[in-house]
Each structure stands twice: as structure tokens, then as C-alpha cells.
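Fold and geometry: a report
Residue-level listing of the chains:
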Amino acid sequence: MARLKSAQHSVPPVLIGWRERVRLPDIGIGPIVAKIDTGARSAALHAEDIRITGMRVRFRVSVNGRHHQCELAIKGRRRVKSTSGHSETRPVVETDVKIGGHRFAAEITLTNRTDMGVPMLLGRASIKGRFAVHPGRSFIVSRRKKQPK
């Protein structure tokens, strides 16, 4: 007879909004706004001047008028189809993502997201099992701190 797993040892997912401010601490980026999209499989980061050399990728990320030059090991390349049906091959990197007090490793594709409204997208592969998404709320775990008067 099969045994049922005990619910006592599982950690319930953390509730987050459909938009959250995230940080990429390993490369010194953030906070940036990310759309949490359970319809998308992978995560994507807006990057410019992407240059692959051997097993490394160099790219630039602009946040609030500041340009961050980044370099990471490339994990591979992935063919990604956008919601408009356009398909492209993107470099894939792995780095830590921090949402509120929660930090985890995620595979992220690098692409030009200029027309997308937010610089980062976190798909279901990144959040699966960790978070539950509230579709009607934003910035649940990454609220801005109120400025003192």
C-alpha cells in the first residue's frame, strides 16, 4: 500500500504579486520591476550589447539611468517563442534572484525587452513550488519603504 507524504514537512508557497521588485545580488542589479508570468516557462532579463566569448557572456543592463556591465558563465542557449509568435535563440545564464527576503537560483535568458514595459520576466520554472501569485496585486513582498518626513 502506498504511503501518503506528511503535510507537516512541506513549506507553503509565499504569496507574491503579479509584479514585484527583484534584485540580482550576484551581479549587483536591483531593485528592478519584474512581471511574474505563470504563462511563461522561463525567466528573461532585458540586456543590451550581448557578447558571447567562449563559455562567458558579457552584457549591459540599464537600471534607473545607470548602466551595469555584467559577465557570467553561459549555461547554454535556448530557443524561446514570444507571445507574438516570434522565435529566437537566447543565451542562458544562472544567477541568484532575490524577492523580498527570499533568495534562489534561476536560469535567465538574455534578450531585448525594450517594448515589454518591465525589464524582467519570471516564468513558472523560476517560481514553481516557492511562490503563489496573486493576479490582482502588485509588490506584496517588495513594498517600498516609506521615506521619513
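Further up the page is the structure itself.
Helix and strand counts for the chain come out as one helix and eleven strands. Taken from N to C terminus, the helices and strands of the chain fall in the order β-β-β-β-β-β-β-β-β-β-α-β. By residue count, 38% of the 149 residues in the chain fall in the buried class. Long-range pairs, those at least 24 residues apart, make up 55% of the contacts in the chain with a sequence separation of at least 6.

On to the pattern of salt bridges, then. Under the counting rule described, the total for this entry stands at ten salt bridges. The partner of R103 in a salt bridge is D26, and the shortest N-O contact between them spans 2.8 Å. On the criterion of sequence distance, the pair formed by R103 in strand β9 (residues 102–111) and D26 in the loop between β2 (19–24) and β3 (29–37) is long-range, its members being 77 residues apart. On the accessibility criterion, D26 (46% relative accessible area) is partly exposed. R56 is paired through a salt bridge with E71; the nearest N and O atoms lie 3.1 Å apart.

We now examine the nonpolar core. With 28 residues, the main nonpolar core has L45, F59, V97, I108, M120 and L122 as its most contacted residues. Among the elements of the structure, β2, β3, β4 (43–46), β6 (56–63), β7 (66–81), β8 (87–99), β9 and β10 (120–123) are those that each provide at least two residues to this core. If we ignore the near neighbours within four places in the chain, the residues touching M120 are V22, L24, I32, V33, A34, K35, A44, L45, V97, I108 and R113.

Structurally, R90 can be placed in strand β8. Within the local environment of R90, its side chain forms a polar contact with the side chain of E88, the two groups lying 2.9 Å apart. Setting aside anything within four residues of it in sequence, one finds R90 in contact with A44, G76, R77, R78, V80, T109, L110 and T111.

Per the stated rule, a full pass over the model turns up one aromatic pair. If you follow R21 out to its NZ or CZ, it ends over the ring of F139, 4.0 Å from the centre.

Criteria and cut-off values
Residues numbered from 1 in each chain as written. Predicted model: local features only at pLDDT ≥ 70, side-chain atom pairs only at ≥ 80, totals over all residues. Heavy atoms only, no water. Helix = DSSP H or I, 4+ residues; strand = E, 2+ residues; numbered from the N terminus. Buried < 20%, exposed > 50% of the residue type's maximum accessible area, 1.4 Å probe, protein only. Contact = heavy atoms within 4.5 Å. Salt bridge = Lys/Arg side-chain N within 4 Å of Asp/Glu carboxyl O. Core = buried A, V, L, I, M, F, W, Y, C linked by side-chain atoms within 4.5 Å. Polar contact = N/O pair within 3.5 Å; in protein donor to acceptor, adjacent residues only side chain to side chain. Phe/Tyr/Trp six-rings, centres within 6.5 Å; stacked < 30°, edge-to-face > 60°. Lys NZ or Arg CZ within 6 Å of the ring centre and 35° of its normal.

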